[in-house]
Amino acid sequence: MMVDPTLAEMGKNLNEAMKILEDGRNASDPDADRRQFSRSSIPGPLQGDGQDVASILQLVQNLMHEDEEEDKPSHRRMQNVGEQGHMALLGHSLAAYISVLDRERLRKLITRIASDTTLWLCRLFRYESGSAYYHEDDREGLLKVCRLVINTRYEDYSTEGYTVLNSRQPVIYQSATCRPGLGQHLCSQLALPLSSLCTVPCNTMFGSQHQMDIALLDKLIREDVETGKLPLLLIANAGTPGAGHTDKLGRLKELCEQYGMWLHIEGVNLATLALWEVSSPVTAATRSDSMTLTLGPWLGLPAVPAVTLYRHEDPALSLAAGLTSSQPVEKLRALPLWLSLQYLGHDGIVEKIRHAVELSQQLLEKLKTLASIKTSVEDELNSPVVVFRFSQETSAESSGGSVEGYFAGEREVLDSLNRWLCERLAQLVPASGVDIVDLEDEGTCVRFTPLMTAAALGTQRSDVDLLVERLTELVPVLNCTLRLRLDFREEVYRHSALSYIEDLSWPGLGAVRYEPRVEELTDSKRKLEVEKINSELLVKLGDLDADLIFSTGLEFGPEKDCIFIGMATEDLDVAELVDTIAALGRDIEENGRLLENMTEVVRKGIQEAELQLQKDNQDKLMEEGVLRQIPLVGSVLNWFSPFQSTVKGRTFNLAAGSLDSTEPTYSMKAQTGGLASPETPTSSAKRLPGQRLFRREGAGGSDSHSETSSVGQAEDFSRERFPQPTTPSPVPDEAVSVVPESPETPQVPAEPEPTQENGEFGTQEEERQPDGQDAPVEETGR
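First, a word on what this report is: a plain description of the structure on this page. (Residues numbered from 1 in each chain as written. Predicted model: local features only at pLDDT ≥ 70, side-chain atom pairs only at ≥ 80, totals over all residues. Heavy atoms only, no water.)

### Re the overall build of the protein chain
Item 1. Check the secondary structure of the protein chain and you find 23 helices and 17 strands.
Item 2. Relative to its full complement of 782 residues, the protein chain shows a buried share of 41%.
Item 3. Excluding contacts between residues fewer than 6 apart, the proportion of contacts in the protein chain whose partners are at least 24 apart in sequence is 69%.
Item 4. When the accessible surface of the protein chain is summed, it comes to about 44,700 Å², and 53% of that surface belongs to carbon and sulfur atoms. (Helix = DSSP H or I, 4+ residues; strand = E, 2+ residues; numbered from the N terminus. Buried < 20%, exposed > 50% of the residue type's maximum accessible area, 1.4 Å probe, protein only. Contact = heavy atoms within 4.5 Å. Areas by Shrake-Rupley, 256 points an atom, 1.4 Å probe, with all protein chains shown as cover.)

Printed below as a string of structure tokens:
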């Protein structure tokens, strides 16, 4: 079989390029890429001779890994580009190569590629007699469809332009759960006023709160018709962007036929049309006038276009709307998809979609067994999207009841906790692909959409099991934090020097600020003082041996100069935590005042020291006499008659602010210290060895408690029985030293006291001496 050498070389180069880009850093020299990137990161003039392919690909790899740090691995994962991904990438290279063929060969090839791809997609997704439009932006297909409908409903639009729209204003209807900004994008591209966009609310009484209210839609259409407007197009959802719910497509199709409207459907649930078992709400999508498919995320194909399937019988209007093109090169957009679909085959495509749906069902079944987790799905038997959240309705088991409405702003607090939960799950299980979604009624939720992420991240059933395991570990932390927030606030109110900061967006125990007790400070000085004290307090709290996390809060949070405490556990002693914060803040404030007063104290001390030095010099001159001040005569006099001066030195005590004599220092051969600064009042004396701060007693095991207690008693008993030896002093002949009995020593029958004459005392004393120490020798005078 004849092989085009250019195609063979292209495939070989692509494989080599992918190996270079997918390989990690150079194993022999991990810093080689970093050094090469540092040289290449600064743009310079193009080299005259150019660079080879390997050097350029190496530069691309370095740019891709620019933000990664070796000591801080990121939890974000790149898309798993497999063999099907290589086929999609090869399609882009082939499109560039095919575009240089002669016109006739190019026309035949692109016609075959476009017709094959359209036929496969229509059969795969049960969309009979459809045409396909391939586009990079997933909104572009809907925009072209709108142009097609306008050309169809306004016959003179091709000649008169937008002026024909003045006769009857077109109206586009969309659900309130559509993608944000979709309707505004259509109006701006079609040059329509925003009054041509009608947003239909969702159900409020019956049905899903994420489905379009059909009765209200019917009412809105009738009102527009009565006012002379033209209902043009309806955008429905087969899987809303947020919760993945499907509108009642069958009823909506009947309504569109009644008023002569175009029905366009989009959503992730359209992927289930490829399965053998399809839910009835999604099956109605095959009767729509058009629908948009995003095959790239569903099948894990990089850089493949989205596809809009539509039904229309007039090719001229399709050409005028831009759904078809007379330029052959534009039809090559389908080439990457054409190659990938052939590589995967029908069974491979169905298996990928079925695998994603099974992952959703697996997670949903496991979430039903978890307390404090509330799910929000449309169809429990066949829902490819799972939305769940930590719910306060069942989170009060530890406190003995429901916490519904037990504090103000609970919705905001729960939203912040669920946001923290999603971030932690995404970090702990990156292959799960969970993300945050904000729903109008439920609030902030965690969304699991394997149809959009599983193919790219390679999500498996084991990843779902790990996700549930990590969720089970995090739920108790959320329960404890939610319950202890009130206790923390009440404890802070008990301290006059602390201010409780109400920040409902903080996912943690709460926030507190230490306020200085000096009232005479101005506002500017007081603000600086508060900032200084709380910044130092944050550093000290971070140095403590505790499981809590202390920080300055969210980066763009409204509260500044305060301390935010992170998530709490069941054994947290809130009272001890708040007492420690108040005590540390008080110490920092007092130390700051001491430093402020130190300048005046030092200045007065220096003046006093100068006066004392002058007086001592005068006294010394009077005692020594004038002759001793003469250099030669003084030396001779000092040789024959040494002079002992009575003038003593001075030392300046900064703590006491006083000038003291150095006589005690020289007499005791040691420097006498002032009063020791009191330690921070904490419960460290009550804590057992190995127990961390802010934990209630009894949180640890009883075995460790008994072991540490016995070790401490043994050390105290050893100190009592064997005191450290000191320098022995002369003992009179009649003196006899007696070692006191320890209270723990068992009582023995009274016997005659041993004396030095019988030698028993000396023997006991020698036996009690620790190793490496000489026994004290008593002087007996013999």
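### Structural notes on the pattern of salt bridges
Item 1. Applying the stated criterion to the full structure yields 21 salt bridges.
Item 2. Asp 415 is paired through a salt bridge with Arg 389; the nearest N and O atoms lie 3.2 Å apart. Taken as a pair, Asp 415 in helix α15 (residues 410–428) and Arg 389 in strand β9 (residues 386–390) lie far apart in primary sequence, 26 residues in all.
Item 3. Exposure remark for Asp 415: the relative accessible area of 13% places this residue in the buried category.
Item 4. Residue Arg 389 is classed as buried on the basis of its relative accessible area, which comes to 10%.
Item 5. For Arg 470, the salt bridge goes to Glu 473, with nearest N and O atoms at 3.4 Å. With Arg 470 and Glu 473 both in helix α17 (residues 461–493) and three residues apart, this pair spans about one turn of that helix.
Item 6. The exposure class of Arg 470 is partly exposed, given its relative accessible area of 22%.
Item 7. For Glu 473, a relative accessible area of 44% puts it in the partly exposed group.
Item 8. Counted as one network, the salt bridges with shared partners bring together Asp 138, Arg 179 and Glu 266. (Salt bridge = Lys/Arg side-chain N within 4 Å of Asp/Glu carboxyl O.)

### Overview of the packing of helix α5 (residues 103–124) against helix α14 (residues 335–367)
Item 1. Packing of α5 against α14 brings their axes to within 10 Å, and their N-to-C directions diverge by 30 degrees. The pairing of α5 with α14 is recorded here as roughly parallel in orientation. When the axes of α5 and α14 are compared, the crossing they make is left-handed. Contacts from Ile 113, Asp 116, Thr 117, Trp 120, Leu 121 and Leu 124 in α5 reach Leu 335, Leu 337, Trp 338, Leu 341, Gln 342, His 346, Ile 349 and Val 350 in α14. (Axes fitted to C-alpha atoms, helices over the stretch in contact; angles between N-to-C directions. Parallel < 35°, antiparallel > 145°, perpendicular 65-115°, else oblique. Left-handed = near helix turned anticlockwise from the far one by under 90°.)

### Let's talk about the packing of aromatic side chains
Item 1. Summed over all chains, the structure comprises four aromatic pairs.
Item 2. When the ring of Phe 125 is compared with that of Trp 298, the centres are 6.1 Å apart and the planes differ by 55 degrees; the resulting orientation is tilted. With Phe 125 in the loop between α5 and β1 (131–135) and Trp 298 in helix α12 (residues 295–299), the pair connects residues that are 173 residues apart, well separated along the chain.
Item 3. Through a chain of ring-to-ring contacts, the aromatic side chains of Phe 488, Tyr 493 and Tyr 500 assemble into a single cluster. (Phe/Tyr/Trp six-rings, centres within 6.5 Å; stacked < 30°, edge-to-face > 60°.)

### Observations concerning a nonpolar patch on the surface
Item 1. A grouping of Ile 630, Leu 632, Val 633, Val 636 and Leu 637 is seen on the molecular surface, where their side chains present a nonpolar patch of about 400 Å² in accessible area.
Item 2. Among the secondary structure elements, Val 633 is positioned in helix α20 (residues 631–640).
Item 3. Val 633 sits in the partly exposed class, given a relative accessible area of 36%. (Patch = residues over 30% accessible without salt bridge, like charges linked within 9 Å, V, L, I, M, F, W, Y side chains within 5 Å.)

### Details of the sheet that holds strand β12 (residues 498–501)
Item 1. Read from one edge of the open sheet, four strands run β12-β13-β15-β14, paired in antiparallel fashion. On the outer flanks of this sheet lie β12 and β14 (550–551), each paired with one strand and no other.
Item 2. Bridge count between β14 and strand β15 (residues 563–565): two bridges; the pairing is antiparallel. Residue pairing in the sheet places Phe 550 in a bridge with Ile 565 of β15. (Pairing = 2+ DSSP bridges.)

### Structural notes on the sheet that holds strand β11 (residues 443–448)
Item 1. Pairing in this open sheet of four strands is antiparallel, and the strands run β8-β9-β11-β10 from one edge to the other. Of all the strands in the sheet, the pair left with one neighbour each is β8 (373–375) and β10 (435–439). Recorded for the sheet is a direction-independent mean angle of 40 degrees between the axes of neighbouring strands.
Item 2. With five bridges joining them, β10 and β11 adopt antiparallel strand pairing. Residue Ile 436 lies in a different strand from β11, and its bridge partner there is Val 446.
Item 3. Sheet contacts for α14: β8, β9 and β11; angle to β9, the most-contacted strand, approximately 30 degrees.

### Regarding the pairing of strand β3 (residues 197–200)
Item 1. Across four bridges, the pairing between strand β2 (residues 170–175) and β3 is parallel. From the neighbouring strand, Gln 174 faces β3, where its bridge partner is Thr 199.
Item 2. In this region the chain leaves β2, passes through helix α8 (residues 182–190) and returns to the parallel neighbour β3; the handedness of that crossover is right-handed. (Right-handed = clockwise from strand over helix to strand, strands pointing away.)

### Notes on the packing of helix α9 (residues 214–226) against helix α10 (residues 249–259)
Axes are the key here: two packed helices are described by the angle between their axes and the distance separating the axes.
Item 1. Between α9 and α10, the least distance of the axes is 11 Å, while the angle of their chain directions is 10 degrees. Overall, the two elements α9 and α10 adopt an arrangement that is roughly parallel. Listed contacts from α10 to Ile 214, Leu 217, Asp 218, Ile 221, Arg 222 and Val 225 of α9 are Arg 251, Leu 252, Leu 255 and Tyr 259.

### Details of α14
Item 1. The terminal C-alpha atoms of α14 lie 42 Å apart, and with 33 residues this falls more than 12% below the ideal 48 Å at 1.5 Å per residue.
Item 2. By the largest-angle criterion, Gly 345 marks the main kink of α14, which is about 90 degrees. (Expected span 1.5 Å × (residues − 1). Bend = angle between axes of the 7 residues up to and from the residue.)

### Considerations on the side chain of His 210
Item 1. Structurally, His 210 is set in the loop between β3 and α9.
Item 2. Of the polar contacts made by the side chain of His 210, one reaches the side chain of Glu 442; its length is 3.3 Å.
Item 3. With sequence-adjacent residues up to four places away left out, His 210 is seen in contact with Thr 177, Cys 202, Thr 240, Ala 243, His 245, Asp 247, Ser 376, Leu 439 and Glu 442. (Polar contact = N/O pair within 3.5 Å; in protein donor to acceptor, adjacent residues only side chain to side chain.)

### What to know about unusual backbone geometry
Item 1. Although it is not a glycine, Arg 126 sits at a positive phi angle of roughly 60 degrees.
Item 2. With respect to the helices, strands and loops of the structure, Arg 126 is situated in the loop between α5 and β1.
Item 3. Look at Arg 126 and you get partly exposed, because its relative accessible area is 35%.
Item 4. The residue Ala 303 is not glycine, and still its phi comes out positive at about 60 degrees.
Item 5. One can find Ala 303 in the loop between α12 and β7 (306–310).
Item 6. The exposure class assigned to Ala 303 is partly exposed, which follows from its relative accessible area of 45%.

### Looking at the environment of Gly 85
Item 1. Note on placement: Gly 85 falls in helix α4 (residues 83–98).
Item 2. Residues Gly 85 and Tyr 343 lie 258 residues apart in sequence; the distance between their C-alpha atoms is 9.9 Å.

### A short note on empty space enclosed by the protein
Item 1. A complete count under the given rule lists two cavities of 30 Å³ or more for this structure.
Item 2. By volume, the second largest cavity is sized at about 30 Å³.
Item 3. What lines the second largest cavity is simply Lys 374, Thr 375, Ser 376, Val 387, Phe 388, Arg 389, Glu 442 and Cys 445.
Item 4. Put simply, the parts of the chain that give the lining of the second largest cavity at least two residues each are β8 and β9.
Item 5. With three residues, the top contributor of residues to the lining of the second largest cavity is β9.
Item 6. Grouping the constituent residues of the lining of the second largest cavity by class yields three nonpolar, two polar and three charged. (1 Å grid on protein atoms, 1.4 Å probe; cavity = no way out; pocket = protein on both sides within 12 Å on 5 of 7 lines; lining within 4 Å. Points joined across faces, edges and corners; volume = space filled by probe spheres on them. Nonpolar A, V, L, I, M, F, W, Y, C, P; charged D, E, K, R; others polar.)

### Considerations on the side chain of Arg 447
Item 1. On the secondary structure map, Arg 447 appears in strand β11.
Item 2. What makes Arg 447 buried here is its relative accessible area of 15%.
Item 3. At a separation of 2.3 Å, a polar atom in the side chain of Arg 447 contacts the main-chain carbonyl oxygen of Pro 241.
Item 4. A polar contact of 3.4 Å, which involves the side chain of Arg 447, links it to the backbone oxygen of Gly 242.

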